[in-house]
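The residues making up each chain are set out below.
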Amino acid sequence: MTGAILASLAGGGGGGSDVTPAPLDWTDAFGDIIAHTNSQTITGITTPISLAAGASGGGNLHYSLNGGSAGYLGAFAVAAGNTLIWSILNTGTAAVSGTVTITNVSDGGATLDSFNYTATGVGP
């Protein structure tokens with residue numbers, strides 16, 4: 001038998017993609033003008049997945065993927081080993097607060113985590 005056939009018989013030749021990451025736990029975010037969560041590393045997936053977010057309160061949702069920052073405009077791809085931080089930017093002077101829910105579009109919209117936030121709108 002060839003090595004490829006042996007690998008296949010042993011279960012090492014192929015298989016499906018795992019789109020369910022290991023549990024993620026972003027902290028609640030509190031800040032003056034910008035409120036940040038902690039950083040979480042995406043693990044447990046074998047193929048890139050698409051994440052989406054929804055915020056229930058005011059402010060502008062942003063994210064930092066591997067150190068690069070962007071305003072959240074819709075679902076985006078992440079891969080195993082990527083790091084992700086969420087931020088809320090308050091562009092006014094009155095406090096904004098709410099809840100952000102992160103979902104896995106690649107897994108039927110399964111909820112991965114949610115966190116609360118408050119950005120006071122008052123600078124240092």
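Throughout this description, residue numbers start from 1 for each chain and increase along the sequence as written. Only residues with pLDDT of 70 or above have their local features reported here, since the model is predicted, and side-chain atom pairs are shown and tallied only from 80 upward, although totals for entire chains, interfaces and linings are computed over all residues. Processing note: side-chain calculations cover all non-hydrogen atoms of the structure and skip hydrogens and water entirely.

1. What about the confidence of the model for the protein chain?
Formally: Think of pLDDT as the predictor's per-residue confidence, scored from 0 to 100. Contacts are residue-level and defined by heavy atoms, with any inter-residue pair within 4.5 Å sufficient.
Mean pLDDT over the protein chain stands at 89; residues scoring 70 or higher make up 86%. For the stretch residues 1-14, pLDDT sits under 50, and the model shows 5 contacts to residues farther than four places along the chain or on other chains.

2. Let's talk about the pairing of strand β4 (residues 49-55)
Threshold: A pair of strands is labelled paired if DSSP reports no fewer than 2 bridges between them. Note on conventions: DSSP H or I runs of at least 4 residues are helices, E runs of at least 2 residues are strands, and numbering of each starts at the N terminus.
Bridge count between β4 and strand β7 (residues 76-78): 3 bridges; the pairing is antiparallel. Within β7, the position partnered with S50 by the bridge is A77.

3. Details of the packing of aromatic side chains
This is how it is decided: Each aromatic pair joins two rings of Phe, Tyr and Trp (for Trp, the six-membered one) with centres within 6.5 Å, and gets the label stacked for planes under 30 degrees apart, edge-to-face for over 60, and tilted for any other angle. For every residue, the accessible area obtained with a 1.4 Å probe (protein chains only) is divided by the maximum for its type, and the residue is called buried under 20%, exposed over 50%, and partly exposed between those limits.
The final tally for this structure, using the stated rule, is 6 aromatic pairs. Centroid distance Y72 to W86: 6.1 Å. Interplanar angle 65°. Geometry classified as edge-to-face. Here W86 lies in strand β8 (residues 83-89) and Y72 lies in the loop between β6 (68-71) and β7, a separation of 14 residues in the sequence. For the pair shown, Y72 and W86 are each scored as buried. Geometrically, the ring pair formed by F76 and W86 is tilted, given 5.9 Å between the ring centres and 55° between the ring planes. Residue F76 is found in strand β7, and its partner W86 is found in strand β8; the two are separated by 10 residues along the sequence. Across this residue pair, the class does not change: F76 and W86 are buried. By way of ring pairs, the aromatic residues W26, Y63, Y72, F76 and W86 are connected into one cluster.

4. Some words on the pairing of β6
Both strand β5 (residues 60-65) and β6 contribute to a ladder of 4 bridges, which runs antiparallel. Its bridge partner lying in β6, L65 is registered against G68. The antiparallel hairpin formed by β5 and β6 contains 2 residues in its connecting segment, where N66 sits at a positive phi of about 55°.

5. Concerning the sheet that holds strand β9 (residues 96-104)
Neighbouring strands of a sheet are bound in pairs by backbone hydrogen bonds; such pairs are parallel or else antiparallel. Quick note on the threshold: Angles shown run from 0 to 180 degrees and are taken between the N-to-C directions of axes, each axis being a line fitted to C-alpha atoms and, for helices, limited to the stretch in contact.
Read across the sheet, 5 strands follow the order β1-β10-β9-β4-β7 without closing on themselves; strand pairing throughout is mixed. Taken across any chain shown, the strands that pair with only one partner, and hence form the sheet edges, are β1 (29-31) and β7. Each strand of the sheet is rotated relative to its neighbour by a mean of 30°, with strand direction disregarded. Pairing between β4 and β9: 5 bridges, direction antiparallel. Across the sheet, G54 pairs through a bridge with T101, a residue of β9.

6. Description of the nonpolar core
Note the following rule: By nonpolar core we mean a set of buried residues, namely Ala, Val, Leu, Ile, Met, Phe, Trp, Tyr and Cys, connected to one another through side-chain atoms within 4.5 Å.
Membership of the largest hydrophobic core comes to 24 residues, with the highest contact counts inside it found for Y72, W86, V100 and I102. Sorting elements by how many residues they give to this core places β4 first, with 4 residues. Non-local contacts of V100, meaning those with residues more than four positions away in its chain, are made with A53, G54, A55, L61, I88, D113, S114, F115 and Y117.

7. Quick notes on unusual backbone geometry
Excluding glycine, residues mostly carry a negative phi; peptide bonds, for their part, are mostly trans. Of note in the backbone geometry, N66 takes a positive phi value of approximately 55° without being a glycine. Looking at N66, the relative accessible area reads 45%, which means it is partly exposed.

8. A look at the side chain of D113
The residue D113 is located in strand β10 (residues 110-119) in this model. The buried category is assigned to D113, whose relative accessible area is 12%.

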